[in-house]
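Chains, contacts and geometry: an overview
The primary structure of each chain is shown beneath.
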Amino acid sequence: MTKIAILGSGMMGSALSMPLADNGHDVHLVGTHLDREIIDSVKATGYHTTLEIDMPETVQAYQLEEAEQAFDGAEIVASGVTSFATHWAADQLSKLLRPGQVFVMVAKGMEADDDGNLSILPDVLASRLPDDLRESVPVNAIVGPSIAGELAARRHTCVMFAGRDQAALDRLTETFAGPYYHVWTSTDIIGSEICAALKNCYALGSGFGDGVINRDGVDPDYRWRNFNYEAALISQGVIESRQFVELLGGRPETAEGLATAGDTYVTAKGGRNVRVGRLLGAGMRFQEAWEQLDHITLEGAEAIKQIGGALPTLTERGLIGEQDMPLLRHLYDVITEKRELDMPWKTFFGGQRPYLPPEAVSLKGAKA
């Protein structure tokens, strides 16, 4: 039996408790300052108010002020905190992590500096840890198609654990994998996290399809859905993800599997990113759509702002061409520059020339 401490008792952090508890491990679930009602409910009755399920009896719940007790003796630490709170999570973990532990996070996104240099969130988090922890606690990530509610219901889920230390990945796989939670590993954490961040962007864009139908006054029954539109955007997104992976030093083949195609598909099937995409497709501007959705957290919109905002600088530096990443550029224009949706179809798939495979339009050798 392994003791695991999880910071963040939201949907995904709590759902990870299921395979761990089913594997016979000791799970300590620690709420953030936003999770107090969830933790109170789990403590009192075992019921998780957001997942709307009873948690396994072996999962123990702790408020944030009890975190030191919950983390004491843990061999593995997981973070279920969202991408928006990566800096906050790092500050908390700086006080809670101990040398020798194995750490894994689920937040997906990237950060850009003023020069357009992009960093994956595991590296952002690690950079804020004390030197001794940064050197002794490997930071890993979970990527791939994993809806929290489905995992909590113990439905078959395939994910990839990515990190730089294969021994740490093997330890995580041994601990998490089970009859319904299927785990693969990759030492390409750069490529994996780039794909995981970008899939939110392109999934948001896929929501435009239904919105355009609604805007045009067409009854969106099954025969007249906009699947063709959505599929084209997802396909272009996979190509751009591969270009980004190669640009930042990852392995281009990482963009062909769970981290991109799989995760983009599942995100495009529903959720907050697609909901805002539908409103934008129907003709709303981003601020109006965000207000209508009661200012919900939108990781896709934030990723578009961060990654898309770096594109002009990367272009000026000669690291990418002006015609590269046309879909992400347009998503940035719609989300951040408040421009109207006008999909640049003829710039997709290599532009107005015969289709070229991704290798032919890649950014091989370039570094941000």
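Quick note: structure is the one above.
So, here is what we can say about the structure in this document. Because the structure is predicted, anything quoted here is derived from the model rather than measured.

**Some points on the nonpolar core**
The biggest cluster of nonpolar side chains holds 53 residues, and the ones touching the most others in it are Phe208, Phe244, Ile307 and Leu328. Broken down by element, this core gets its largest block of residues, nine residues, from helix α10 (residues 189-206). What Leu328 contacts, discounting residues up to four positions off in sequence, is Leu198, Cys201, Tyr202, Glu240, Phe244, Ile304, Ile307, Gly308 and Leu311. Ile38, Ala61, Ala148 and Leu172 belong to the second-largest nonpolar core, a separate cluster that totals 35 residues.

**Overview of unusual backbone geometry**
In this structure, Arg154 takes a positive phi of about 65° despite not being glycine. Under the relative-accessibility criterion, Arg154 is labelled partly exposed at 39%. The backbone of Lys338 sits at a positive phi, close to 60°, despite the residue not being glycine. The residue Lys338 is located in the segment after α17 (326-335) in this model. Residue classification places Lys338 among the exposed positions, given a relative accessible area of 54%.

**Focus on helix α3 (residues 36-45)**
Because an α-helix completes one turn every 3.6 residues, residues spaced three or four positions apart along the sequence face the same direction. Among the residues making up α3, those that are buried are Ile38, Ile39, Ser41 and Val42. Projection of α3 onto a plane perpendicular to its axis shows the buried side chains occupying an angular sector of 160°, all on one side. Across from the buried face of α3, at angles greater than 90 degrees, the exposed residues are Glu37 and Ala44. Turning to α3, the residues buried within the fold contact β2 (26-30), β3 (47-48) and β5 (59-62). Gly46, located one to two residues past α3, shows a positive phi value of around 85°.

**Let's talk about the pairing of strand β7 (residues 102-105)**
Burial of β7 is two-sided: the residues Val102 and Val104 facing one way and the residues Phe103 and Met105 facing the other way are all buried. With four bridges connecting them, strand β6 (residues 76-79) and β7 associate as parallel partners. Bridge pairing links Val77 to Phe103 in β7. In terms of handedness, the path from β6 via helix α5 (residues 86-96) over to β7 forms a crossover that is right-handed. Pairing between β7 and strand β10 (residues 139-143): three bridges, direction parallel. The residue bridging Val104 from the neighbouring strand is Asn140, located in β10.

**Examining the packing of aromatic side chains**
Taken as a whole, this structure holds five aromatic pairs when the rule is applied. For the ring pair Phe348 and Phe349, a centre distance of 6.0 Å and an interplane angle of 80° mean the geometry is edge-to-face. On the basis of relative accessibility, which here comes to 2%, the residue Phe348 falls in the buried class. Following the ring pairs from residue to residue traces out a cluster consisting of Tyr229, Trp345, Phe348 and Phe349.

**Points about helix α9 (residues 166-176)**
Of the residues making up α9, those classed as buried are Ala168, Leu169, Leu172, Thr173, Thr175 and Phe176. Buried positions in α9, seen along its axis, are confined to an arc of 165° and lie on one side of it. Of the exposed residues in α9, the ones pointing more than 90 degrees away from its buried face are Ala167 and Glu174. With a side-chain oxygen lying 3.0 Å from the backbone nitrogen of Ala167, the N-terminal cap of α9 falls on Asp165.

Scoring rules and cut-offs
Residues numbered from 1 in each chain as written. Predicted model: local features only at pLDDT ≥ 70, side-chain atom pairs only at ≥ 80, totals over all residues. Heavy atoms only, no water. Core = buried A, V, L, I, M, F, W, Y, C linked by side-chain atoms within 4.5 Å. Buried < 20%, exposed > 50% of the residue type's maximum accessible area, 1.4 Å probe, protein only. Helix = DSSP H or I, 4+ residues; strand = E, 2+ residues; numbered from the N terminus. Contact = heavy atoms within 4.5 Å. Arc of directions from axis to C-beta. Pairing = 2+ DSSP bridges. Right-handed = clockwise from strand over helix to strand, strands pointing away. Phe/Tyr/Trp six-rings, centres within 6.5 Å; stacked < 30°, edge-to-face > 60°. Polar contact = N/O pair within 3.5 Å; in protein donor to acceptor, adjacent residues only side chain to side chain.

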